[in-house]
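Each chain, written out:
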Amino acid sequence: MADRGEPILQVRNLVKHFPLTQGILFKRQVGAVKAVDDVSFELYQGETLGIVGESGCGKSTVAKLLMRLEQPTAGQILYKGEDIARLSGRALKAVRRNIQMVFQDPYTSLNPRMTVGDIIGEPFDIHPEVAPKGDRRRKVRELLDVVGLNPEYINRYPHQFSGGQRQRIGIARGLALNPEIIVCDEPVSALDVSVQAQVINLMERLQDEFELSYLFIAHDLSIVRHISDRVAVMYLGKLAEVGTDAQIYDHPTHPYTQALLSAVPQPDPAARATRERIILTGDVPSPANPPSGCRFRTRCWKAQDKCAKEVPLLAVPERYRDSDSGARHASACHFAEEKDIVHA
Ligand SMILES: Nc1ncnc2c1ncn2[C@@H]1O[C@H](COP(=O)(O)OP(=O)(O)OP(=O)(O)O)[C@@H](O)[C@H]1O
Ligand SMILES: [Mg+2]
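Structural notes, computed from the coordinates. None of these values were measured; they are calculated from a predicted model.

Quick notes on the packing of aromatic side chains
Part 1 of the argument: Summed over the entire model, instances satisfying the criterion amount to four aromatic pairs.
Part 2 of the argument: With centroids separated by 4.6 Å and ring planes inclined at 55 degrees, the aromatic side chains of Tyr235 and Tyr256 adopt a geometry described as tilted. With Tyr235 in strand 9 (residues 230–235) and Tyr256 in helix 10 (residues 255–262), the pair connects residues that are 21 residues apart, well separated along the chain.
Part 3 of the argument: Linked through ring pairs, Tyr235, Tyr256 and Phe296 together constitute an aromatic cluster.

So, in structure tokens, the structure goes:
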């Protein structure tokens, strides 16, 4: 795992509210979808930070905010100390080169009418300084080779490739500008299970080779554990818990994390027998009208009065602060308590 120096990316109190409007001619705002609501985390050089959480909890919105595909409502995104949430024009373009994205669906994210060479080389149109015109084809061939595709495929079209190969093309495009950070939003979710491992292995190899930092978003908990150094658990626009993969998976402190893990299928009968299964009642509330206090309290078996009144801040619980293992294991729960999980 990466040595901890300064974080390469620091997200502070990030907020994204999408206005809810009513009326056709005269739109008026009647509320807001609180998709991301006061989210803070760090990404360190060379590490993989996983983000997990159920559908609609705001994972993709975080990714889009980092890429500035969405404008934050509030908060800071510090890249090497500079707030990219406030940048525009040339300064934004310069930073963007260093933060690239790999999308979920390799079937829709590649333009079907462009050749693979043009798709991978497209970032060079915006940043010609990286590859002068005469050098582009050579660069693209090199990128194809790096992601394990035959450089002779340079003139083919996306439909001539399998799903896994298409995601390799998406990754090659993400690497074209030699970025430092890659934001991966469910990069293998659309692929067959047998292909997922190959793409994950490729991503791990590339991370070492190019010293990349990954923000890796997925809802599959076992894939996230496999690839991540640290994991952030998200619920309804907020982070519930952040820690190393061992802290999150083996000793989670937030009831939501504990419930998520208890729902992972357990192949080993012995582990299954000792595992207490937590069934969450009720649906995820609407992000347009989240519960007061702790957003998870309406589904939480530990909830008390305090949980309706006070928003629990993401912090290392008092009693774990002095322990080596507990330091940096943050939880947004008034009643955070370690629970040991036995895996097969
Ligand atoms: N452009 C938008 N306008 C209004 N609401 C939006 C917009 N984009 C996202 N939302 C809402 O914000 C919330 C978070 O969405 P987001 O796509 O970030 O979730 P997610 O965690 O990526 O979910 P999934 O696992 O399904 O991809 C959802 O309630 C979604 O409906
Ligand atoms: Mg998403």
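Anyway, onward from the coordinates.
A short note on the site of ligand 1
Part 1 of the argument: Contacts to ligand 1 come from Phe18, Val33, Ala35, Glu54, Ser55, Gly56, Cys57, Gly58, Lys59, Ser60, Thr61 and Pro287.
Part 2 of the argument: For ligand 1, an oxygen atom lies 2.7 Å from a polar atom in the backbone of Gly56.
Part 3 of the argument: One nitrogen or oxygen atom from the main chain of Gly58 is found 3.0 Å from an oxygen atom belonging to ligand 1.
Part 4 of the argument: Protein contacts shield 63% of the accessible area of ligand 1, which totals 640 Å² for the unbound molecule.
Part 5 of the argument: For the shell around ligand 1, the elements supplying multiple residues, two or more each, are strand 2 (28–44) and helix 1 (59–66).
Part 6 of the argument: Per-element accounting of the shell around ligand 1 gives the leading share, three residues, to helix 1.
Part 7 of the argument: Grouping the constituent residues of the shell around ligand 1 by class yields five nonpolar, five polar and two charged.

Notes on the pairing of strand 9
Part 1 of the argument: Taking burial as the measure, the six residues of strand 9 include six buried ones, the bulk of the element.
Part 2 of the argument: In strand 9, alternate side chains face the same way, and those of Arg230, Ala232 and Met234 on one face and Val231, Val233 and Tyr235 on the other are all buried.
Part 3 of the argument: Pairing between strand 3 (residues 48–52) and strand 9: four bridges, direction parallel. Bridge assignment links Val52 to a residue of strand 9, and that residue is Val233.
Part 4 of the argument: Judged from the six bridges that link them, strand 9 and strand 10 (residues 238–244) form a sheet pairing that is antiparallel. Bridge pairing in strand 10 places Val233 opposite Glu241.
Part 5 of the argument: Counting the residues between successive antiparallel strands, the hairpin from strand 9 to strand 10 contains two residues, one of them, Leu236, with a positive phi of roughly 50 degrees.

Looking at the sheet that holds strand 6 (residues 99–102)
Part 1 of the argument: If you trace the seven strands from one edge of the open sheet to the other, you get 6-7-8-3-9-10-11, paired in mixed fashion. Two strands bound the open sheet, and with one partner strand each, they are strand 6 and strand 11 (330–331).
Part 2 of the argument: Summarising the sheet, strand 3 and strand 8 (residues 213–217) pair through four bridges and their orientation is parallel. Each bridged residue has a counterpart across the sheet, and for Thr48 the counterpart in strand 8 is Tyr214.

How each quantity is defined
- Each chain carries its own residue numbering, running from 1 in the direction its sequence is written.
- Written order determines the labels here, with chains lettered from A and ligands numbered from 1.
- Under the rules for a predicted model, residues below a pLDDT of 70 receive no local features and side-chain atom pairs below 80 are neither given nor counted, while totals for whole chains, interfaces and linings still include all residues.
- As a rule here, side-chain values come from all non-hydrogen atoms in the structure, and water together with hydrogens is ignored.
- Only Phe, Tyr and Trp rings take part, Trp by its six-membered ring, and two of them pair if their centres are within 6.5 Å. Stacked means planes under 30 degrees apart, edge-to-face means over 60, and tilted covers everything else.
- A run of DSSP states H or I qualifies as a helix once it reaches four residues; a run of E qualifies as a strand once it reaches two. Both are numbered from the N-terminal end.
- Nearness is judged by heavy atoms alone; a residue qualifies as near a molecule or strand once a single heavy atom is within 4 Å of it.
- Under the rule applied, a polar contact is a pair of N or O atoms within 3.5 Å (in protein, one hydrogen donor and one hydrogen acceptor; residues adjacent in sequence only if both atoms are side-chain atoms).
- The method behind every accessible area is Shrake-Rupley, applied with a 1.4 Å probe, and residues are considered shielded solely by the protein chains displayed.
- Classification convention: Asp, Glu, Lys, Arg as charged; Ala, Val, Leu, Ile, Met, Phe, Trp, Tyr, Cys, Pro as nonpolar; all other residues, Gly among them, as polar.
- In this scheme, a residue with accessible area under 20% of its type's maximum is buried, one over 50% is exposed, and one in between is partly exposed, where area comes from a 1.4 Å probe on protein chains only.
- In this analysis, strands are considered paired if DSSP registers two or more bridges between them.

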